[in-house]
Amino acid sequence: MTIKNNDLELSKEQLVDVFKSYDLDKDGKLSRKELRAAFQFLGSNCIVSYFRAIRALCTVGANNDGYISLTDENKLQLLIDYARRCGYSLIT
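Analysis parameters
- Residues numbered from 1 in each chain as written.
- Predicted model: local features only at pLDDT ≥ 70, side-chain atom pairs only at ≥ 80, totals over all residues.
- Heavy atoms only, no water.
- Helix = DSSP H or I, 4+ residues; strand = E, 2+ residues; numbered from the N terminus.
- Areas by Shrake-Rupley, 256 points an atom, 1.4 Å probe, with all protein chains shown as cover.
- Axes fitted to C-alpha atoms, helices over the stretch in contact; angles between N-to-C directions.
- Parallel < 35°, antiparallel > 145°, perpendicular 65-115°, else oblique.
- Contact = heavy atoms within 4.5 Å.
- Nonpolar A, V, L, I, M, F, W, Y, C, P; charged D, E, K, R; others polar.
- UniProt positions renumbered as here; feature names shortened; annotations may be inferred.

Under an unreviewed UniProt entry, the name given to the protein is Parvalbumin, and the source organism is Trema orientale.

1. Considering the overall build of the protein
Secondary structure summary: the protein contains 4 helices and 5 strands in total. Traced from its N-terminal end to its C-terminal end, the protein shows the element sequence β-β-α-β-α-α-β-α-β. A total accessible area of about 5,300 Å² is found for the protein, and carbon and sulfur atoms account for 50% of it.

2. A word on the packing of helix H1 (residues 12-21) against helix H4 (residues 73-85)
Helices that pack against each other are described as a pair by the angle of their axes relative to one another and the distance between those axes. Packing of H1 against H4 brings their axes to within 11 Å, and their N-to-C directions diverge by 105°. Between H1 and H4, the crossing angle belongs to the class labelled roughly perpendicular. Contacts from Lys 12, Leu 15, Val 16, Phe 19 and Lys 20 of H1 reach H4 at Leu 76, Gln 77, Leu 79, Ile 80 and Ala 83. Among the residues forming the contact of H1 with H4, the class breakdown is 7 nonpolar, 1 polar and 2 charged.

3. Section: the UniProt feature "domain: EF-hand" (unreviewed entry) in the protein
Mapped onto the present numbering, the UniProt feature "domain: EF-hand" (unreviewed entry) falls on residues 10-45. Between the C-alpha atoms that bound residues 10-45 there is a distance of 19 Å. The span itself is 56% helix and 11% strand.

Right, dumping it as structure tokens:
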């Protein structure tokens, strides 16, 4: 399974690696700012990436602490599912 947005094709594992690589402070969590940078890398423009980051936190980060845990496999899967709903196509 791969994720595609524009000309970028990534497997599920590679997409997880992209999100993990934007954990800039290495605390095991993604903040809104880190999510926004990841979505920009994946092809979202500045404004869209802002809203995608906020929506991801609301959708995936259900405990309302302002972060998405990278150590929780369920949260990572929800983040992948959210990315797919944002238009990143799943290609098998």
